[in-house]
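What follows is each chain in one-letter form.
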Amino acid sequence: MPERLSARGLTGAAGGPFGIALGRGDAMAITGPSGAGKSVLLRMIADLDPHEGAILLDGVDRATIAAPLWRRRVAYLAAEPGWWHDDTAPHFPDRPRTEALMPSLALDPGLLNQPVHRLSTGERMRLAFIRTLLNEPEILLLDEPTGALDPHATALVETLLIERLRAGAALILVTHDMAQASRLGARRFHLEAGTLTPR
Amino acid sequence: MKPILLTPFDLIIASSLVVLDAVVSVLLGLRLHKQILVAAARCTIQLLLIGFLLRFVFAIDTPALTLGVILVMVAIAGREVAARPEKKLARYGNQIAGLSAVALATFVTAIFALATALRPHPWYDARYAIPLAGIMLGNALNAASLSLDALLSGVMRERSAIEAQLALGTRFRDAMRPLIRASVRRGILPIINTMSAAGIVTLPGIMTGQILAGLDPVEAVKYQILLMFLLAGANGIAAVGAAYFAAARLTDSRERLRVDRLK
């Protein structure tokens, strides 16, 4: 069976060359000291940062896929995602699907009527996660997705992630939480001094 | 009506006012007297040089020389636009964006005016082309530098918002649209203020100069209105040009946001 995501010779600001292979339902957790380039590695895979190397998605070369479409399918979620409207609702053009997902992350749909700056860090993080999920990406690249969340909300995010993995998605997440990696059944890697080593 | 021609003696009398400024500076301890005198001297020398240069260029009046003078003016204006913003694009990005914006704005509006309203014979007559290009450049410079500065400082401020959209599969040009809009607005607002205030708050320089030179006020006003409209066009083109040329430099073939090209 062809791999979902395979990367060879990825070299950029995070170091490298990195090789990555993920099958359907595979998860990979990356740890490492801050500043080691964990975020940059995710951004390279999402094609947000310049780099060298080849990446295939379901056997198709990224170079043949338009960049916006690639990022829709291989979705990067930053540790502190940005917002580009004052109000929350305009960030979610598909309101019914958004409202349907919100309770599963313990979010009141009424939050959509609030200005973004009124939301707590944890609410913003979960809403940004929903924003990403609504694109139904095949690969999720998550940068400390539960860093700002309490244990309950963290468990809800993990439940949604496991659902996506079962549906055939693949996941790479940056985390400091070893227990989280094992709950998600993720292979663990350590990034330091420009090299990625299995743990 | 003949203009009243000034003699050097007239200017020397007027220069007593500059000396008055210097005396005020000494009396109040402003420490500006040297600067005032140097600035006045620079002003005199620079303007006399340009006066003689223009007299020479008008006398020769060949298209190549006229174009050459205008190109030098465009290059200096482009450099000024590039120097104003705090942030600089790598690989001469500011210079290229600034130069392209002011050159486009100046040539489009100046040629438009020479071909339609003014129609001198020949249309590239240096007496018309050079002053016209000068006014357009001065304003286009202002609009382009405001727009460029707004875009370059805004892109750093809005970086995470723009990248969040890119990460969701939004096209670069769509993610940049609000910022480009804000930058162009910033570049165009001054000419709107100038047009609104003209004749009420201020008597614009061109018109004032022509009235002093003996032209009928209504004729002078007609010239001023034409120039205002040309300036509105030049400012719009310069502001849009600077924002788009700079935005193009901030991305690549994979529609990334390349803030690494900003120093």
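Criteria and cut-off values
- Residues numbered from 1 in each chain as written.
- Chains lettered and ligands numbered in written order.
- Predicted model: local features only at pLDDT ≥ 70, side-chain atom pairs only at ≥ 80, totals over all residues.
- Heavy atoms only, no water.
- UniProt positions renumbered as here; feature names shortened; annotations may be inferred.
- Helix = DSSP H or I, 4+ residues; strand = E, 2+ residues; numbered from the N terminus.
- Buried < 20%, exposed > 50% of the residue type's maximum accessible area, 1.4 Å probe, protein only.
- Contact = heavy atoms within 4.5 Å.
- Buried area = accessible area lost by both parts, 1.4 Å probe.
- Salt bridge = Lys/Arg side-chain N within 4 Å of Asp/Glu carboxyl O.
- Polar contact = N/O pair within 3.5 Å; in protein donor to acceptor, adjacent residues only side chain to side chain.
- Nonpolar A, V, L, I, M, F, W, Y, C, P; charged D, E, K, R; others polar.
- Pairing = 2+ DSSP bridges.
- Axes fitted to C-alpha atoms, helices over the stretch in contact; angles between N-to-C directions.
- Parallel < 35°, antiparallel > 145°, perpendicular 65-115°, else oblique.
- Left-handed = near helix turned anticlockwise from the far one by under 90°.
- Patch = residues over 30% accessible without salt bridge, like charges linked within 9 Å, V, L, I, M, F, W, Y side chains within 5 Å.
- Areas by Shrake-Rupley, 256 points an atom, 1.4 Å probe, with all protein chains shown as cover.
- Core = buried A, V, L, I, M, F, W, Y, C linked by side-chain atoms within 4.5 Å.

By the naming in an unreviewed UniProt entry, chain B goes by Iron export ABC transporter permease subunit FetB and is assigned to Acidiphilium iwatense. Recorded in UniProt under Sequence similarities (unreviewed entry), the annotation for chain B is "Belongs to the UPF0014 family."

Taking an unreviewed UniProt entry as the reference, chain A is identified by name as ATP-binding cassette domain-containing protein belonging to Acidiphilium iwatense.

Counting its regular elements, chain B contains 9 helices and 0 strands. Secondary structure elements of chain B, listed N to C terminal, follow the sequence α-α-α-α-α-α-α-α-α. The dimensions of chain B, computed from C-alpha atoms along their principal axes, are 70 × 55 × 40 Å. Residue burial in chain B is summarised as follows: out of 263 residues, 37% are buried.

This paragraph deals with the environment of Pro 63 of chain B. Relative to the assigned elements, Pro 63 of chain B resides in helix α3 (residues 63–83). Between the C-alpha atom of Pro 63 of chain B and that of Asp 125 of chain B, which follows or precedes it by 62 residues, the distance is 7.7 Å.

So, about the interface of chain A and chain B. Chain A puts 23 residues into the contact, and the matching count from chain B is 17 residues. A per-residue breakdown of the area chain A buries against chain B is headed by Pro 68, Arg 71 and Trp 84 of chain A, which together make up 34% of the total. At the boundary of chain A with chain B, the tally comes to 3 salt bridges. Two residues, Arg 256 of chain B and Asp 47 of chain A, come together in a salt bridge whose shortest N-O distance is 2.5 Å. At the junction of chain A with chain B, the criterion picks out 8 residue pairs in polar contact (both at pLDDT 80 or more). Secondary-structure elements contributing two or more residues to the side of chain A that touches chain B are α2 (67–73), β6 (74–77) and α4 (121–133) of chain A. Counting residues per element, the side of chain A that touches chain B draws most heavily on α2 of chain A, which supplies 5 residues. Taken together, the residues of the side of chain A that touches chain B sort by class into 12 nonpolar, 4 polar and 7 charged.

Let us now look at the sheet that holds strand β7 (residues 139–143) of chain A. All names here are of chain A. What the 6 strands build is an open sheet, ordered β6-β7-β8-β3-β9-β10; its pairing is mixed. Edge positions in the sheet fall to β6 and β10 (195–198), since each has one partner strand and no second. Pairs of neighbouring strands in the sheet enclose a mean axial angle of 20°, with direction left out of account.

Across the junction of Gly 16 of chain A and Pro 17 of chain A, the peptide omega takes the value 5°, indicating a cis bond. Relative to the elements of secondary structure, Pro 17 of chain A occurs in strand β2 (residues 15–22). The backbone of Glu 144 of chain A sits at a positive phi, close to 45°, despite the residue not being glycine. Counting through the fold element by element, Glu 144 of chain A comes out in the loop between β7 and α5 (151–166). Positive phi outside glycine occurs at Arg 31 of chain B, with the angle close to 55°. Looking at the element boundaries, Arg 31 of chain B is found in the loop between α1 (8–28) and α2 (33–60). Judged by its relative accessible area of 71%, Arg 31 of chain B falls in the exposed class.

With that out of the way, let us pick up the packing of helix α8 (residues 205–212) of chain B against helix α9 (residues 217–249) of chain B. Residue and element names in this part refer to chain B. Interaxial distance between α8 and α9 falls to 8 Å at its minimum, and their mutual angle equals 155°. Between α8 and α9, the angle falls in the class roughly antiparallel. Helix-helix and strand crossings are classified by hand; for α8 and α9 the assignment is right-handed. Seen from α8, the contacting residues are Ile 206, Met 207, Gln 210 and Ile 211; seen from α9, they are Pro 217, Ala 220, Val 221, Tyr 223, Gln 224 and Leu 227. Residues that form the contact of α8 with α9 fall into these classes: 8 nonpolar, 2 polar and no charged.

What follows is about the side chain of Thr 175 of chain A. Structurally, Thr 175 of chain A is set in the loop between β8 (170–174) and α6 (178–183). Residues contacting Thr 175 of chain A, with those up to four places away along its chain left out, are Ala 29, Ile 30, Thr 31 and Gln 180 of chain A.

Attention now moves to the pairing of β2 of chain A. Residue and element names in this part refer to chain A. As paired elements, strand β1 (residues 5–12) and β2 share 5 bridges and run antiparallel to each other. Counted as the bridge partner of Ala 7 is Ile 20 from β2. Connecting the antiparallel pair β1 and β2 is a turn made up of 2 residues.

Turning next to the pattern of salt bridges. All names here are of chain A. Counted by the stated rule, this structure contains 22 salt bridges over all chains. Linking Arg 95 and Glu 99 is a salt bridge whose minimum nitrogen-to-oxygen distance equals 3.1 Å. Separated by 4 residues within a single helix, Arg 95 and Glu 99 lie in helix α3 (residues 95–101), roughly one turn from each other. Relative accessible area serves as the criterion here: at 28%, Arg 95 is assigned to the partly exposed category.

Here the focus is a nonpolar patch on the surface. Residues and elements named next belong to chain B. Taken together, the side chains of Leu 17, Val 19, Leu 20, Val 23, Val 24, Leu 27, Leu 28, Leu 30 and Leu 32 present a nonpolar region at the surface, about 840 Å² in accessible area. Topologically, Leu 32 is positioned in the loop between α1 and α2. A residue is classified by how much of its surface remains accessible, and Leu 32, at 35% relative accessible area, is partly exposed.

Feature annotation in UniProt assigns "domain: ABC transporter" (unreviewed entry) to the following positions: residues 5–199 of chain A. Between the end C-alpha atoms of residues 5–199 of chain A there is a gap of 20 Å, over a span that is 29% helix and 27% strand.

All right, on to the nonpolar core then. Residues Leu 41, Ile 45 and Ile 172 of chain A are the most contacted members of the largest nonpolar core, which totals 84 residues. Excluding residues within four positions of it along the chain, Ile 172 of chain A makes contact with Leu 5, Ile 20, Leu 22, Met 28, Ile 30, Leu 42, Ile 45, Leu 140, Leu 141 and Leu 142 of chain A.

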